[in-house]
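For reference, the chains in residue letters:
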Amino acid sequence: MGRMILQVRDLVMRLRSGGREVAILDGVNLDVAARETVAVTGPSGSGKSTLLGLIAGLDRPTAGSIVLDGVEITTLDENRLARLRRDRVGFVFQSYHLIPTLTAIENVAMPLELAGRPHRLERARELLDTVGLVGRADHYPSQLSGGEQQRVAIARALALRPPLVLADEPTGNLDSATGAQIIELLLALNREHGSTLVLVTHDEALAARGQRIVALRDGRVVGAA
Amino acid sequence: MIALVLRLAWRETRAGWRHLVVLVVCVALGVTALVAVTGFAGNLDRALAREGKSLIGGDVELRSPRPLDTETEAALASLVARGATIARVRELAAMARHPRRPSTLLVELKAVGEGYPLYGRLETRPARPLGELLAGDGALADETALTRLGVAIGDSVLVGDVMLVIRGVILNEPDRAGRIISFGPRLLVAGPTLDRAGLIRLGSRVNHRTLLRLPDALEAAAVRAQLAGVISDPSVRVSAFDEGRPGWRRFYSQLTSYLGLVGMASLLVGGVGVAAAVRAFVARKRDTIAILKCLGATSRLLLAAYLVQAAGLGLVGSLAGALLGVALAPLVGSLLSGLVPLALETRLEAWGLLRGVAIGTGLTMLIALWPLGEVRAASPSLLFRRDVEGNAPWPTRRWLAALPLVAGAGALVLWQAVSLTVGAIFLGAVAAALLVLALLARALAWLGRRRPRFPSLALRQGLANLARPGGHGVGVVVALGIGVMLLVAVGLLEASLGQQLDLERRREAPSFFFVDIQPGQRERFESIVRDVSGVTPAVTPVVRARLAALDGHAITRALVEQRRGRGDDGIGYFTRDYVLTAASALPAGNVVTVGHWWSNGATAAHEASVEEAAARHLGLAVGSSIAFDVQGVRLEARVTSLRQVDWQSLTTNFFVILSPGTLDGAPTSYVATARVAPNAEAAVQDAVVQALPNVTAIPLRDVLERLGRVLDQMAVAVRTMALFAISAGLVVMAGALGASRYQRLVESVILRTLGATRSTVARVFAVEYACLGLAAGVGGSVLAAVLAWAVLRFVLDAPWVLAPLALALGLAVPTAVALAVGSLATWRLLGEKPLPVLRRE
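Heads up: these notes are all about the structure in this document. (Residues numbered from 1 in each chain as written. Chains lettered and ligands numbered in written order. Predicted model: local features only at pLDDT ≥ 70, side-chain atom pairs only at ≥ 80, totals over all residues.)

This brings us to the overall build of chain A. The helix and strand inventory of chain A stands at 7 helices and 10 strands. Based on the C-alpha atoms only, the size of chain A along its principal axes is roughly 50 × 40 × 40 Å. Each of the 225 residues in chain A was classed as buried or not, and the buried ones make up 48%. Expressed as a percentage of contacts within chain A between residues at least 6 apart in sequence, the contacts between residues at least 24 apart total 69%. (Helix = DSSP H or I, 4+ residues; strand = E, 2+ residues; numbered from the N terminus. Buried ≥ 20, exposed ≤ 12 C-beta atoms within 10 Å, placed from the backbone. Contact = placed C-beta atoms within 7 Å.)

So, in structure tokens, the structure goes:
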């Protein structure tokens, strides 16, 4: 096994809900090597999305540690986390989450812009080309189909060539044919860029496309394959 | 980084400008009001500067209650030797009378000497040289004087002992501007004519003006300083043309400052709109903010971008408002035209524009800062499907964001206000208004949530709508309520002051002041008044004097100038002419606050009782000594009491009263007051003046009416400015209606799907809007009553009067307006077909 890009140790997340404390994650351990493709599965409520959110540093765990690309992120402040996300993590969401007021190319250019990279629009155009959407560069999200929007989102996630890509049910809102295309694209680009992919899904078939499956239930890892 | 902030700000504006129009309009309205007022003030300042010389009548003017002494005349003579020109003018109140009919009139008599006017032009009809018109007891008069006396050009008029011939009408008198209220119309004669009229007698109050025109080599300020050094008598006021009339200027700077505060209130109401617009904007942008954070944007970057956006919109609104304000400045001028006897010209003034733009933009940013705190709070984890409700922490820094707003707005208001008291009242009023109105709106929402069991569906549902989540009730009630507060407060103030100025209601006030009654005329005067009206006048002996020394320190010009340099606002107490009287009993309306009134058995020692404010400014306490100069004779007394005087009583009141016997032997004349029946007023005045031509009768009714007209004009001006606040309030309401349009559309469709008729739905919305308007009306009116009370009590020192009409209008009008605006905005919703709307849901 190669270098570890992600090490999660004894991760606990408790939230108050309806007046009592609920353990969403209850001692999760997970190691992901560089260039690996891992699928996290589990029924709804098992804590998949919370795990993904914590790995991205979008929330602070109750206990445990997360080391991302050699950096312990549970102790970073908001601004350092924002920069870490910008430089090392790409996101793909179930509901795409493109910025509705920006065109496709502007959406893809946004991470480049936030990182202060030159030639952002040229680079964004290349990226749109790799997802086959260069012809729709100046369309707004509302003018694109679901599959097209997700492809724009993938182009955006890969714009800065992050070492880690997190995908949260990326095909959840798509029909199965389009979903399959999107997964193909995601895996292909991942290979091409040499990045690591952590994919959350409850679709067994989809999960099987990854190199490894981590199954969650009630906030614990119950199996790995 | 900066480029990125600007790009983000621009893109967000590009996509959402429709929702931001409310913000721009709100800022623009507030800035318009503010800039219109400052623009007017600027126009006035320029006019004063331009016409400074004709306004005071020369490069330098000397005003004195007595003829100038020899050392002053010597100084003037040396200036004449160096090329200066001098013109002398005397002004006094006097009575003019018809030679045959019993018709008399109080006039402002002005006697001019050679050379007048030095600057500007005295325009007359017919246009003839002044010397020719005034020769041989010729006179010029205002048109009103002729009308009221019933004479025409060529007719004769009696003044004192002299018969004048009216030779023409005065169309424009260059140095008459500069007084807010006059006693009566002008009558202009030559100097020798006044001398022969026999009007200037014991106790006469004459204003001796000496006007100087200087050659180019002499500078006005230098000559003023030189004369001030030579003239020891501090009651001689020396002013250079560029200082103008300080009292007049003060009046206008106060007036414009009050108007500016009303403009400020409009801006603050607009601020409520800004806050509401930014809040709605951020709420709509929650997802975008979360995505950007996911992509690595820091909170600071986003905050900066949205703040830049707010500033940009504020700038656009402020620029539009500033330009509109400059265009509207003449409107303020024309509202006050009766008070501004100068031609004003509008000019685009860089500083005024800049100031308006800076205030508008700055305030927008300060106000936006608060709702923008949400940007920090918006968590990117929002984007993940969460199993449990997010636990986004309440941003503690949110309250810190309110601090710069409070500090900034407070500083702006204090900058705008005349005095700390006025600024404090205004800030207190704004804070109280925000609090009371917000609480009222919350109470309404609470009532809505309780779903009180009214039998009517419309009432029940309309109230429930007020509790709509994310509702804009608070903003609407606050914004409308502040406008209502301003308008009703003006109405209440007018009612209270109007009653003060209504002679019929002031039964204790006299109808006349008679002045300059000579010692030998007293009995005759009393019997005339008694015979004509059946009323015995109250006659008081008076002695005119000037202040000579306090506690042994002579009152010199040096001392007065020194105090002036320190910014003392009580200089007038040192330089004024004092009217003294001696009395054994404490006059009605006077209360001794320190020391004791002398006992009835006359004391041998000379004692004085001094009015509180005068004592404070003069630095007098019980035990101090005070000395007067009565026509060259020194008169000294010891202060044994301080008095509070009810100046509102409108009767004869004195700054200094002396113990009986103190004024024995001093040159005494008499003043008198009498309250006669309204239909006897003219007869009394005519009879007194026909018999005693030197006695001046000042009819209080006229004076009060003149004052009333001035107040009316100011009220109209203030009201007009308050309309901007109301308009801003309506824009806020329209914005709120626009923001909740979709929500209300769905509500109306659901109600109709459930079987409600269109008119039922309309009634539901009507109840909602009427409640908002009524809450603004109730809150605004109650606040107005408190504000009016505070202004009357602490600024104007006048009693508070309940004005039911103003309060009733304060309730009815906002309710009706809210109902109208709401219905207009909702009308179209009622026509929408339900099915497509439900499908969209």
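To continue, consider helix α14 (residues 420–450) of chain B. Here α14(B) contains 31 residues, and its C-alpha end-to-end distance of 44 Å stays within 8% of the 45 Å for a straight helix at 1.5 Å per residue. What α14(B) keeps buried is the set Val422(B), Phe426(B), Ala429(B), Val430(B), Ala433(B), Val436(B), Leu437(B), Leu440(B), Ala441(B), Leu444(B), Ala445(B) and Gly448(B). (Expected span 1.5 Å × (residues − 1).)

Residue and element names in this part refer to chain B. Judged by nonpolar contacts, the single largest core of 326 residues is most densely connected at Ala96 and Val477. Ranked by residue count, the leading element in this core is helix α1 (residues 2–50), at 21 residues. Residues within four places of Ala96 in sequence aside, it is in contact with Thr104, Leu105, Val107, Ala145, Leu149, Val157, Leu158, Val159 and Leu187. (Core = buried A, V, L, I, M, F, W, Y, C linked by C-beta atoms within 7 Å.)

With that settled, consider the pairing of strand β16 (residues 607–611) of chain B. All names here are of chain B. By the criterion of burial, β16 is predominantly enclosed, with 5 of the 5 residues buried. Burial along β16 is two-sided: the residues Glu607, Ser609 and Glu611 and Ala608 and Val610 are all buried. Bridging between β16 and strand β18 (residues 633–645) involves 5 bridges; their strand directions are parallel. Directly across from Ser609, in β18, lies its bridge partner Ser641. Where β16 meets strand β19 (residues 656–658), 3 bridges bridge the pair, whose relative direction is antiparallel. Directly across from Val610, in β19, lies its bridge partner Val656. (Pairing = 2+ DSSP bridges.)

Residues and elements named next belong to chain A. With respect to topology, 6 strands assemble into an open sheet ordered β6-β7-β8-β3-β9-β10, the strand pairing being mixed. The strands lining the two open edges of the sheet, one partner per strand, are β6 (89–92) and β10 (220–224). If you compare each strand with its neighbour and ignore which way they point, the axes differ by 20 degrees on average. Of the pairings in the sheet, the one linking strand β3 (residues 37–41) to strand β9 (residues 212–217) comprises 4 bridges and is parallel in character. Of the residues in β9, the one forming a bridge with Thr41 is Ala215. (Axes fitted to C-alpha atoms, helices over the stretch in contact; angles between N-to-C directions.)

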